[in-house]
Amino acid sequence: RYEPTWGSLDARPLPAWFDEAKFGVFIHWGVFSVPSFGSEWFWWYWQKEKREPYVKFMEANYPPGFSYEDFGPLFTAEFFDPNQWADILKASGAKYVVLTSKHHEGFTLWGSKYSWNWNAVDVGPKRDLVSELATSVRNRTGLRFGLYHSLFEWFNPLFLEDAANAFMTRKFPTSKSLPELYEIVTKYQPEIIWSDGNGNAPDTYWNSTGFLAWLYNDSCLCASQFMISGGQCGCEHKYLWTSEGLLMFYRYLHKIGKASSRGIKRAPLSFSKTEVAYISQLAETVSCGGNLLMNVGPTHDGRISVVFEERLRQMGAWLEVNGEAIYGTKPWRAQNDTFTPGVWYTCSPKEGKVNAIFLDWPVSGTLVLGEPQAKLGETQVKLIGYEELLKWIALGEKGIIVALPQLTPKQLPCHWGWTLQLTAIS
């Protein structure tokens with residue numbers, strides 16, 4: 001059993017499946033999907049910081065006196081088809097999905113009895129959106145289902161009262177936030193719990209060690225291989241470090257051993273990037289030992305927009321060919337190539353292979369790799385998706401030149417990034 005102390009809780013290992021998954025999808029969905037302007041921080045930027053673009057947006061599109069709460073009934077989700085979402089998620093090649101069960105606005109996507117009249121069963125959709133998606137994901141895919149849950153709420157009177165008391169009172173966590181966490185764990189049994197947003201309160205205010213001890217010892221998940229991450233853990237004990245400026249999340253420090261190793265790299269909310277940019281992000285993140293978590297923002301009426309679906313399916317198509325260079329891999333001794341830009345390395349130790357993911361097909365027909373140390377008569381080079389072995393020559397003690405096959409666009413294994421597999425190299 002784990003004691004409610006950081007020394008004891010920190011001893012719990014991360015589940016092996018998370019190291020092997022490498023790619024997941026983060027779904028930001030809530031009342032903020034109604035204005036669909038800026039980001040999920042819309043309410044804060046509009047009402048608290050009064051940022052000019054947000055104020056002008058409201059003045060141009062909504063009548064005077066319109067409040068954020070008035071968006072609630074407009075969050076309708078009438079076109080939400082959880083089976084369709086699950087099929088898109090499966091096609092993306094992702095191994096897990098995380099849904100925002102509640103963001104800092106306080107609106108819960110399930111009928112929480114601790115969020116009366118500000119939840120998806122009482123207002124708007126009149127549906128338990130968490131339950132519906134969890135059921136479809138589990139019935140139709142092999143993805144692990146996770147939930148994001150915000151600890152604090154920007155404008156909750158109980159939280160504001162506790163904050164005014166320098167968090168010496170604990171009305172909000174005991175009556176609202178922690179009961180919600182117990183509720184979603186017991187009701188939905190998520191395999192990832194992303195507990196975020198400590199509101200500058202200490203971990204003792206949130207009873208973080210007490211909650212985690214219950215989670216590990218006595219909850220319905222205690223025997224499961226699940227992940228806990230984010231603000232719940234507090235300070236240096238976060239199981240995933242967060243650096244919002246870089247939109248990046250770092251692995252548990254004692255597990256990786258150095259802060260430069262990336263854990264979850266969260267792709268920006270915009271999907272305007274090209275497909276090769278996302279493949280580049282995936283390759284870069286995995287080469288550094290981490291997971292890429294790609295954001296999707298559905299519409300207020302429950303649709304995953306065509307551009308989001310397109311990017312997800314493109315990732316899936318690429319992973320269908322190159323997945324062995326991503327799933328279950330480890331960082332190699334070099335993360336990227338020292339000679340040719342845009343080449344990222346991963347290692348498949350069980351198979352004895354090093355994977356070199358390159359993003360630009362060279363016009364010359366040859367690819368120079370500055371890192372591998374090849375062995376004449378032993379080293380083999382293969383292009384994933386192409387049957388024949390490739391010819392190569394060594395560049396002294398370190399580095400090789402690989403002759404790529406001459407292929408038409410239709411003959412290429414994929415369109416936006418390719419993988420060389422090298423055996424018997426150091």
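Whatever comes next refers back to the structure up there.
A brief look at the structure comes next. These figures come from a predicted structure and were not determined experimentally.

Pairing between the strands of a sheet is mediated by backbone hydrogen bonds and can be parallel or antiparallel. Taken in spatial order, the five strands of this open sheet run S10-S11-S17-S13-S14, and their pairing is antiparallel. Of all strands in the sheet, those bounded by a partner on one side alone are strand S10 (343-348) and strand S14 (389-390). Here strand S13 (residues 380-383) runs beside strand S17 (residues 418-423); their pairing, made up of four bridges, is antiparallel. Among the inter-strand pairings, Gln-380 is bridged to a residue of S17, identified as Thr-423. Strands S10 and strand S11 (353-358) of the sheet are contacted by helix H12 (residues 275-287), whose axis makes an angle of about 50° with S10.

Trp-29, Phe-71, Leu-215 and Leu-420 are the most contacted members of the largest nonpolar core, which has 110 residues in total. By residue number, the principal contributor to this core is helix H8 (residues 171-188), which donates six residues. Residues from two domains meet in this core; each of domain 1 (6-325) and domain 2 (330-423) gives at least three. Setting aside its immediate chain neighbours within four residues, Trp-29 contacts Phe-75, Ala-77, Phe-80, Trp-85, Leu-99, Thr-100, Leu-109, Leu-129, Pro-298, Thr-299, His-300 and Gly-302.

Pairing is antiparallel across the open sheet formed by three strands, whose spatial order is S12-S16-S15. The open sheet has two edge strands with one neighbour each: strand S12 (366-369) and strand S15 (392-394). This sheet shows a mean twist of 15° between the axes of neighbouring strands, independent of strand direction. Where S15 lies against strand S16 (residues 400-403), three bridges are found, and the strand directions are antiparallel. Bridging across to S16, Trp-392 finds its partner in Val-402.

Moving on to the pairing of S10. Among the six residues that make up S10, six are buried, leaving the element largely enclosed by the rest of the structure. The alternating pattern of S10 places Val-343, Tyr-345 and Cys-347 and Trp-344, Thr-346 and Ser-348 on opposite faces, both of which are buried. The pairing of S10 with S11 spans six bridges and is classified as antiparallel. In the sheet register, Val-343 faces S11, and the bridge partner there is Phe-358. From the end of S10 to the start of S11, which pair antiparallel, there are four residues, and Gly-352 there has a positive phi angle of about 70°.

As a further point, take the packing of helix H7 (residues 157-164) against H8. It is at 8 Å that the axes of H7 and H8 come closest, and there the two elements cross at 150°. Looking at the two axes, H7 sits roughly antiparallel to H8. Considering only the axes of H7 and H8, their crossing is left-handed. Contacts from Leu-158, Phe-159, Glu-161 and Asp-162 in H7 reach Lys-171, Phe-172, Pro-173 and Ser-175 in H8. The residue makeup of the contact of H7 with H8, split by class, is four nonpolar, one polar and three charged.

Looking only at helix H4 (residues 52-61), the buried set comprises Tyr-54, Phe-57 and Met-58. The buried residues of H4 occupy an angular sector of 95° when projected down its axis, which confines them to one face. Along H4, the residues that are exposed and aim more than 90 degrees away from the buried face are Glu-52, Glu-59 and Ala-60. Of the surrounding secondary structure, the elements contacted by the buried residues of H4 are helix H3 (42-48).

Criteria and thresholds
- Residues numbered from 1 in each chain as written.
- Predicted model: local features only at pLDDT ≥ 70, side-chain atom pairs only at ≥ 80, totals over all residues.
- Heavy atoms only, no water.
- Pairing = 2+ DSSP bridges.
- Helix = DSSP H or I, 4+ residues; strand = E, 2+ residues; numbered from the N terminus.
- Contact = heavy atoms within 4.5 Å.
- Axes fitted to C-alpha atoms, helices over the stretch in contact; angles between N-to-C directions.
- Core = buried A, V, L, I, M, F, W, Y, C linked by side-chain atoms within 4.5 Å.
- Buried < 20%, exposed > 50% of the residue type's maximum accessible area, 1.4 Å probe, protein only.
- Domains from an automatic or database assignment.
- Parallel < 35°, antiparallel > 145°, perpendicular 65-115°, else oblique.
- Left-handed = near helix turned anticlockwise from the far one by under 90°.
- Nonpolar A, V, L, I, M, F, W, Y, C, P; charged D, E, K, R; others polar.
- Arc of directions from axis to C-beta.

Taken by themselves, the reported measurements are silent on function.
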